[in-house]
Amino acid sequence: MAEIEAVAWRDDALVLLDQTRLPGDEVHLACRSVDDVVDAVRRLVVRGAPALGAVGAYGVAVAMLQAGREGWTAGRLSAEVDRVRDARPTAVNLAWGVDRVRPFIAGGVSAVIAEATTLVAEDTAANRALSRRGADWIEAHCVRRPLRVLTHCNTGALATTGWGTAFGIIRELFDRGEIERVYADETRPLLQGARLTAWECARHGIPYVVQADGAAASTILRGLVDVAVIGADRIARNGDTANKIGSVGVALACHAAGIPFVVAAPSSTVDLSTATGADIEIELRDGAEVTAWSGVAYAPEGAQGFNPAFDVTPAAYISAVVTERAVVEPGGHVSVEALVKGETS
Ligand code: MRU
């Protein structure tokens, strides 16, 4: 089966699988201007931290081509590249992707595209490697077989450049014959779990159920889950981790139940320049996303929505953080730096 391609570069355009239309329609959107890119990122046509890293990198090429067509100054180009970089604040990968290719602007658009393509290949390889590490860790720390795994939001190929992070670990465990069932939290308000993770489970034949976010704690405390695995949008230097709203509740329930709560991400999601979770900017989205669906309001007229898109799980509630380079158990002897630099001690 062909791997899902959420982000691609084709015919001088950034081509995105429109995730707002899934699972009903598989439609692609070509971005040829900075406005197109920023709009796609803000509407979650493309989402998930590693996928946003690729969008940041290719977004610079989009800006350069537009600069050529419209005769922008170097200053205007730089400002437009910053607009891509700042389109969403929480996932560090978006800014990281822009910053990675920025030094190649002087070499022309083909140099930027080449570096972006390298970034994509590295991300997919990182996902494969961290999935093996994460699966090994879970096999070593969970006794019951086959495993019942809970996940939150979508962290599969749709959220990355290929394979997936937390969902990549689930795929790896499934390939090893270890999965009994995946509990996919629906992930309110935009249903990345019910729409996207369920779609990816079905594509791969992974047994799954969708549950309301409000069911997660109870499912865990009733002993129906062996391990929870989630992705990350930014991992601070102390191990605090920002991820989709609802993640911290899963972590607290795992802590209470005494089961592992595992965070999986490529090293590009580790932000050593952010000291703690309190320093992570949490995206506040339009309140209408929690008072209406598909433009139809279900809350009373005039109801105000409060819609933080992410939360921060303190490192104390995380059993293990997995990247392609290391597994760190917060509170253990190996520091978070190893997630980026590799385990040396
Ligand atoms: O708002 P989203 O859909 O971009 O949020 C995505 C998440 O929170 C993911 O769990 C995270 O980016 C990791 S994706 C591998």
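Above this text you will find the structure in question.
A quick note: this is a predicted structure, and the numbers were derived from the prediction, not measured. (Residues numbered from 1 in each chain as written. Predicted model: local features only at pLDDT ≥ 70, side-chain atom pairs only at ≥ 80, totals over all residues. Heavy atoms only, no water.)

Quick word on the environment of Gln 192
If you trace the backbone, Gln 192 turns up in helix 7 (residues 192–204). Of the residues examined, Gln 192 reaches a relative accessible area of 3% and is grouped as buried. Sequence separation between Gln 192 and Leu 44 is 148 residues, and the spatial gap between their C-alpha atoms is 9.9 Å. (Helix = DSSP H or I, 4+ residues; strand = E, 2+ residues; numbered from the N terminus. Buried < 20%, exposed > 50% of the residue type's maximum accessible area, 1.4 Å probe, protein only.)

Considering the site of the ligand
The full set close to the ligand counts 18 residues, and Arg 47, Ala 49, Asp 233, Asn 243 and Lys 244 are the nearest of them. A distance of 3.0 Å is found between an oxygen atom of the ligand and a backbone nitrogen or oxygen belonging to Gly 48. Between an oxygen atom of the ligand and a main-chain N or O atom of Ala 49, the distance comes to 2.9 Å. Burial of the ligand by the surrounding chains reaches 99%, relative to a free accessible area of 420 Å². Of all the cavities here, the one that holds the ligand is the largest cavity. At the level of elements, helix 2 (49–70) and strand 9 (241–244) are the ones that each hand at least two residues to the shell around the ligand. Considered class by class, the residues forming the shell around the ligand number seven nonpolar, seven polar and four charged. When residues of the shell around the ligand are sorted by domain, at least three fall in each of domain 1 (7–122) and domain 2 (131–341). (Near = heavy atom within 4 Å. Polar contact = N/O pair within 3.5 Å; in protein donor to acceptor, adjacent residues only side chain to side chain. Areas by Shrake-Rupley, 256 points an atom, 1.4 Å probe, with all protein chains shown as cover. 1 Å grid on protein atoms, 1.4 Å probe; cavity = no way out; pocket = protein on both sides within 12 Å on 5 of 7 lines; lining within 4 Å. Sits in = over half its atoms within 2 Å of the grid points. Nonpolar A, V, L, I, M, F, W, Y, C, P; charged D, E, K, R; others polar. Domains from an automatic or database assignment.)

As for the packing of aromatic side chains
As enumerated under the stated definition, the model contains one aromatic pair in all. Its end group placed over the ring of Trp 163, Arg 128 keeps NZ or CZ at 3.7 Å from the ring centre. Geometry around Trp 199 places Arg 203 over its ring, the cationic atom sitting 5.2 Å from the centre. (Phe/Tyr/Trp six-rings, centres within 6.5 Å; stacked < 30°, edge-to-face > 60°. Lys NZ or Arg CZ within 6 Å of the ring centre and 35° of its normal.)

Description of empty space enclosed by the protein
Applying the stated criterion across every chain, the model contains two cavities of 30 Å³ or more. In this structure, the largest cavity encloses a volume near 170 Å³. In this structure, the largest cavity is lined by 21 residues; those nearest its centre are Arg 47, Gly 48, Ala 49, Asn 154 and Asp 233. For the lining of the largest cavity, the secondary-structure elements that each account for two or more residues are helix 2 and strand 9. In terms of residue count, helix 2 provides more of the lining of the largest cavity than any other element does, three residues in total. (Points joined across faces, edges and corners; volume = space filled by probe spheres on them.)

Digging into the packing of helix 1 (residues 34–42) against helix 3 (residues 74–85)
Here helix 1 crosses helix 3 at 15°, and the two axes come no closer than 9 Å. In this view, helix 1 runs roughly parallel relative to helix 3, as classed from their interaxial angle. Of the two possible hands of crossing, helix 1 and helix 3 adopt the one that is left-handed. Each of Val 34, Asp 35, Val 37 and Val 38 in helix 1 lies in contact with helix 3, whose residues at this interface are Glu 80, Arg 83 and Val 84. Here the residues of the contact of helix 1 with helix 3 sort into four nonpolar, no polar and three charged. (Axes fitted to C-alpha atoms, helices over the stretch in contact; angles between N-to-C directions. Parallel < 35°, antiparallel > 145°, perpendicular 65-115°, else oblique. Left-handed = near helix turned anticlockwise from the far one by under 90°. Contact = heavy atoms within 4.5 Å.)

Remarks on the pattern of salt bridges
For the coordinates displayed, the defined rule picks out 24 salt bridges. Put simply, Glu 178 and Arg 145 hold a salt bridge, and the shortest N to O gap is 3.1 Å. A residue pair is termed long-range when its members are at least 10 positions apart, and Glu 178 in the loop between helix 6 (166–175) and strand 5 (179–185) and Arg 145 in the loop between helix 5 (109–141) and strand 4 (147–151) qualify at 33 residues. For Glu 178, a relative accessible area of 14% gives the class buried. Residue class for Arg 145 comes out partly exposed when judged on its relative accessible area of 34%. Residues joined in a network through salt bridges with shared partners are Asp 35, Arg 76, Glu 80 and Arg 83. (Salt bridge = Lys/Arg side-chain N within 4 Å of Asp/Glu carboxyl O.)

Section: helix 6
Within helix 6, eight of the 10 residues are buried, which leaves it mostly tucked inside the rest of the structure. Listed in full, the buried residues belonging to helix 6 are Ala 166, Phe 167, Gly 168, Ile 169, Ile 170, Arg 171, Glu 172 and Leu 173. On its buried face, helix 6 is in contact with helix 5, strand 4, strand 5, helix 7, strand 7 (227–230) and strand 10 (261–264). One or two residues past the end of helix 6 sits Gly 177, with phi positive at roughly 75°.

Description of the sheet that holds strand 13 (residues 310–313)
Neighbouring strands of a sheet are bound in pairs by backbone hydrogen bonds; such pairs are parallel or else antiparallel. Taking strand neighbours across the sheet as the criterion, the three strands line up as 8-9-13 in an open arrangement whose pairing is antiparallel. Two strands bound the open sheet, and with one partner strand each, they are strand 8 (234–235) and strand 13. As paired strands, strand 8 and strand 9 are joined by two bridges and run antiparallel to one another. What sits directly across from Arg 234, in strand 9, is Ala 242. (Pairing = 2+ DSSP bridges.)

Describing the layout of surface pockets
Empty space left among the atoms is revealed by rolling a probe the size of a water molecule over them. Within this model, the largest pocket holds a volume of roughly 310 Å³. Lining the largest pocket we find Thr 20, Arg 43, Leu 44, Leu 190, Arg 195, Arg 285, Ala 288, Glu 289, Ala 292, Trp 293, Ser 294 and Gly 295. Partitioning the lining of the largest pocket into residue classes produces five nonpolar, three polar and four charged. If you count residues domain by domain, the lining of the largest pocket takes at least three from each of domain 1 (7–122) and domain 2 (131–341).

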